[in-house]
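Architecture at a glance
Listed below are the residues making up each chain.
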Amino acid sequence: MIQMLAEIAISALLVIGGLFALVGSYGLIKLPDLMTRLHAPTKASTLGVGGVLLGSMGYSALQGSPSWHELLVTIFLFLTAPITCNFIAKAWIARQTRPEDLPPTGTARPWATHDLTEDPIEPALTPKGRPGRPS
Amino acid sequence: MIFYAIGFACACFGAGLLMTLWRVVFSPSVPDRILALDTMVVNVIALIVLWGMITGSGLYFEAALLFAMTGFVSSVAYAKFILRGDIIE
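Report follows, based on the coordinates.

So, how was this worked out
Residues numbered from 1 in each chain as written. Chains lettered and ligands numbered in written order. Predicted model: local features only at pLDDT ≥ 70, side-chain atom pairs only at ≥ 80, totals over all residues. Helix = DSSP H or I, 4+ residues; strand = E, 2+ residues; numbered from the N terminus. Rg over C-alpha atoms; globule rule 2.2 N^0.38 Å. Buried ≥ 20, exposed ≤ 12 C-beta atoms within 10 Å, placed from the backbone. Contact = placed C-beta atoms within 7 Å. Core = buried A, V, L, I, M, F, W, Y, C linked by C-beta atoms within 7 Å. Axes fitted to C-alpha atoms, helices over the stretch in contact; angles between N-to-C directions. Parallel < 35°, antiparallel > 145°, perpendicular 65-115°, else oblique. Left-handed = near helix turned anticlockwise from the far one by under 90°. Expected span 1.5 Å × (residues − 1). Bend = angle between axes of the 7 residues up to and from the residue. Nonpolar A, V, L, I, M, F, W, Y, C, P; charged D, E, K, R; others polar.

Observations regarding the overall build of chain B
From N to C terminus, chain B includes three helices and zero strands. Along chain B, helices (α) and strands (β) appear in the sequence α-α-α when read from the amino end. Relative to the 2.2 N^0.38 estimate, which gives 12 Å for 89 residues, the radius of gyration of chain B is 15 Å and therefore markedly larger than a compact globule would have. Principal-axis analysis of the C-alpha atoms gives chain B an extent of 50 × 30 × 15 Å. Looking at chain B as a whole, 39% of its 89 residues qualify as buried. Across chain B, every contact between residues at least 6 apart in sequence was considered, and the portion connecting residues at least 24 apart equals 42%.

As for the overall build of chain A
The number of helices and strands found in chain A is four helices and zero strands. Starting at the N terminus and ending at the C terminus, chain A contains elements arranged as α-α-α-α. Buried positions account for 33% of the 135 residues belonging to chain A. A separation threshold of at least 6 residues defines the contact pool for chain A, and within that pool the share at least 24 residues apart is 50%.

Some words on the nonpolar core
With 49 residues, the main nonpolar core has A:Ile88, B:Ile45, B:Ala46 and B:Val49 as its most contacted residues. For this core, the elements supplying multiple residues, two or more each, are helix H1 (2-30), helix H3 (39-62) and helix H4 (69-96) of chain A together with helix H1 (2-25), helix H2 (30-55) and helix H3 (59-84) of chain B. Per-element accounting of this core gives the leading share, 13 residues, to H2(B). In this view, B:Ile45 contacts A:Val49, A:Val73, B:Ala64, B:Phe67 and B:Ala68; residues no more than four positions away in its chain are not counted.

Regarding the packing of H1(A) against H2(B)
Interhelical geometry of H1(A) versus H2(B) gives an angle of 160 degrees and a closest axis separation of 11 Å. As the angle between them shows, H1(A) and H2(B) are arranged roughly antiparallel. Note that H1(A) runs across H2(B); the crossing there is left-handed. Residues A:Ala21, A:Gly24, A:Ser25 and A:Leu28 of H1(A) form the contact with H2(B), whose participating residues are B:Ala36, B:Thr39, B:Asn43 and B:Ala46.

Remarks on H4(A)
Here H4(A) is 28 residues long and its end C-alpha atoms lie 41 Å apart, about the 40 Å a rise of 1.5 Å per residue gives. At A:Thr80, H4(A) shows its strongest bend, of approximately 25 degrees, with the proline A:Pro82 following within four residues. Those residues of H4(A) lying buried are A:Glu70, A:Val73, A:Leu77, A:Ala81, A:Thr84, A:Cys85, A:Phe87, A:Ile88, A:Ala91, A:Trp92 and A:Ile93. Packed against the buried residues of H4(A) are helix H2 (34-37) and H3 of chain A together with H2 and H3 of chain B.

Description of the interface of chain A and chain B
The interface of chain A with chain B comprises 45 residues on the first partner and 43 residues on the second. Broken down by secondary-structure element, the contributors of at least two residues to the side of chain A that touches chain B are H1, H2, H3 and H4 of chain A. Sorting elements by how many residues they give to the side of chain A that touches chain B places H4(A) first, with 16 residues. Counted by class, the side of chain A that touches chain B contains 26 nonpolar, 14 polar and five charged residues.

Some points on the environment of B:Arg84
All names here are of chain B. Along the polypeptide, Arg84 turns up in helix H3. Given 15 C-beta atoms within a 10 Å radius, Arg84 is considered partly exposed. Put simply, Arg84 and Ala9 are 75 residues apart on the chain and 39 Å apart in space, counted from C-alpha to C-alpha.

Observations concerning the packing of H1(A) against H3(A)
Each pair of packed helices gets described by two things: the angle between the helix axes and the distance between those axes. All names here are of chain A. Direction vectors running N to C along H1 and H3 enclose 160 degrees, while the axes themselves pass 7 Å from each other. In this view, H1 runs roughly antiparallel relative to H3, as classed from their interaxial angle. As for the relative orientation of H1 and H3, their crossing is left-handed in sense. Classifying every residue of the contact of H1 with H3 gives 19 nonpolar, 10 polar and no charged.

Spelled out as structure tokens, the structure:
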């Protein structure tokens, strides 16, 4: 009985993970713009792979030799997907937009992607005339 | 039942891999290509894990972890290169 329930749970994890990854990859070719296209792989595909890895953990536990290794890959993917997404978005901003197209930042400095100054960096969010962090 | 679920998941990830390959070949800009390659790495990790489940060997976990690390580092390095023209400043 317990084994039957475990098999159903593992199968559900695998099927749902596969469907999520399929939706993520389909969104990659379906959505119109890079900034919208970033959503599909970084959210849906990562969740799909997480489901498959959890299913693999449950499968090895069902075989009698439980392993926690797959959790490492899951945590690694969940931690690194936003970083990659952020870098790709910054690269797109640097290539496709001009500084005057972007909304104002509300600080004394422009957007960090277009900030090509060689001056030493001062704290941007501190108002002028007040002591900021020691730089 | 698990066998059929593994087959279904393999079909899903394989179809996703073909879609990302299409996006790599016909991509409008370079950041799109990086995104498609990153998604391709994620799909391949899932396929490696599924193959490890089919064969019942624990060896494929190491390959999946190595693939995740090299995929992340190469994606970030490529994005950094087209962002600044240099990888390590």
